[in-house]
Protein chains: 2
Amino acid sequence: MKAPIKVYMTKKLIGVTPDTTVQEASKLMMEFEIGSLVVIDEKGNVIGFFTKSDILRRVVVPGLPYDTPVKDIMTKELITVNSNTPLGEVLRKMARHRIKHILIEEEGKIVGIFTLSDLLEASRRKLETAISTE
Amino acid sequence: MKAPIKVYMTKKLIGVTPDTTVQEASKLMMEFEIGSLVVIDEKGNVIGFFTKSDILRRVVVPGLPYDTPVKDIMTKELITVNSNTPLGEVLRKMARHRIKHILIEEEGKIVGIFTLSDLLEASRRKLETAISTE
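Fair warning: this is a prediction, and the values are worked out from it, not measured in the lab. (Residues numbered from 1 in each chain as written. Chains lettered and ligands numbered in written order. Predicted model: local features only at pLDDT ≥ 70, side-chain atom pairs only at ≥ 80, totals over all residues. Heavy atoms only, no water.)

Side note on the interface of chain B and chain A
And then number 1: Listed by partner, the interface residues are 41 residues for chain B and 41 residues for chain A.
And then number 2: Counting each side, the surface lost to burial between chain B and chain A is near 3600 Å², with a carbon and sulfur contribution of 67%.
And then number 3: Per-residue buried area on chain B facing chain A is highest for Leu 56, Tyr 66 and Leu 120 of chain B; these three make up 18% of the total on that side.
And then number 4: The interface formed by chain B and chain A holds two salt bridges in total.
And then number 5: Glu 33 of chain A is the salt-bridge partner of Arg 98 of chain B, the closest N and O atoms lying 2.6 Å from each other.
And then number 6: The interface formed by chain B and chain A contains 10 residue pairs in polar contact (both at pLDDT 80 or more). (Contact = heavy atoms within 4.5 Å. Buried area = accessible area lost by both parts, 1.4 Å probe. Salt bridge = Lys/Arg side-chain N within 4 Å of Asp/Glu carboxyl O. Polar contact = N/O pair within 3.5 Å; in protein donor to acceptor, adjacent residues only side chain to side chain.)

Quick word on the nonpolar core
And then number 1: In this structure, Phe 50 of chain A together with Phe 50 of chain B are the most contacted members of the largest nonpolar core, which totals 34 residues.
And then number 2: In this structure, Val 90 and Ile 104 of chain A together with Ile 104 and Leu 116 of chain B belong to the second largest nonpolar core, which totals 32 residues. (Core = buried A, V, L, I, M, F, W, Y, C linked by side-chain atoms within 4.5 Å. Buried < 20%, exposed > 50% of the residue type's maximum accessible area, 1.4 Å probe, protein only.)

A few points about the packing of helix 1 (residues 22–32) of chain A against helix 2 (residues 52–60) of chain B
And then number 1: It is at 10 Å that the axes of helix 1 of chain A and helix 2 of chain B come closest, and there the two elements cross at 125°. The angle between helix 1 of chain A and helix 2 of chain B places the two elements in the oblique class. Taken as a pair, helix 1 of chain A and helix 2 of chain B cross one another with a handedness that is left-handed. Across the interface between the two elements, Val 22, Gln 23, Ser 26, Met 29 and Met 30 of chain A from helix 1 of chain A touch Ser 53, Leu 56, Arg 57 and Val 60 of chain B from helix 2 of chain B.
And then number 2: Here the contact of helix 1 of chain A with helix 2 of chain B is built from residues that sort into five nonpolar, three polar and one charged. (Axes fitted to C-alpha atoms, helices over the stretch in contact; angles between N-to-C directions. Helix = DSSP H or I, 4+ residues; strand = E, 2+ residues; numbered from the N terminus. Parallel < 35°, antiparallel > 145°, perpendicular 65-115°, else oblique. Left-handed = near helix turned anticlockwise from the far one by under 90°. Nonpolar A, V, L, I, M, F, W, Y, C, P; charged D, E, K, R; others polar.)

Section: the relation of the copies chain B and chain A
One chain copy maps onto the other through a rotation about an axis and a shift parallel to that axis.
And then number 1: Note on the copies: chain B fits chain A at an RMSD of 0.0 Å, the axial shift is 0.0 Å, and the rotation between them is 180°. Viewed as a symmetry operation, the transformation between the two copies matches a two-fold axis. Of every C-alpha in chain B, the one belonging to Leu 116 of chain B sits nearest the axis of rotation, 3.0 Å from it.
And then number 2: Counting the interface residues of chain B, we find that 100% of their copies in chain A are interface residues as well, pointing to one common contact surface. (Least-squares fit on C-alpha atoms with pLDDT ≥ 70 in both.)

Here it is, written out as structure tokens:
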């Protein structure tokens, strides 16, 4: 619980451009089995973030068309933690904000993401270690 | 990790009828901040299950209308574990099947659900206990 989050995070962040449609974004999410995507401008900066819930809440529920661009539904205020933050502190922050994905930054730059699937993997690995040392 | 899953599961399962539309179901999911719903027949039996991913994969990606009934997109083969199964074993099963929600049964009846959000809560609680006994 005290190890830094960079040990557990996923470095492979998948990004889309602001004009990608919600339908294309959904396809990408299903293809890579991920629950969120970052939105990247032409300079390579992360300018937004969205999850499967954002697609349901902001597209399916109000009945917007499937070709709505992701820039219309993305969250611009990114919730981030530094890559040296201990896992426990990150979990508390996620629980407090009720989020399942959190972006990891180093010197102001987004370098990875930590999700509840990574927590599952970390818990499972810890379990295997516990069993093998019993 | 050895405690039975019933300690960690959520008992409040939210069910919808087979003819509920995907749009109504999405609204419910957002209202209750949940990632899955069970589908219940007129006798109260659980006949299906679906997640936010199923809505993206089976409705948004192929471009089906938002009023598609949930019976058309639900999964009929339910993945379940008995309520006495140890947490560790449940986590391994979830990782193996790459799922974020698993239904909990007792004597063949669905009695609850365990999700990665429950894992977050369990990990967070364990952390608080560890800090308070330091």
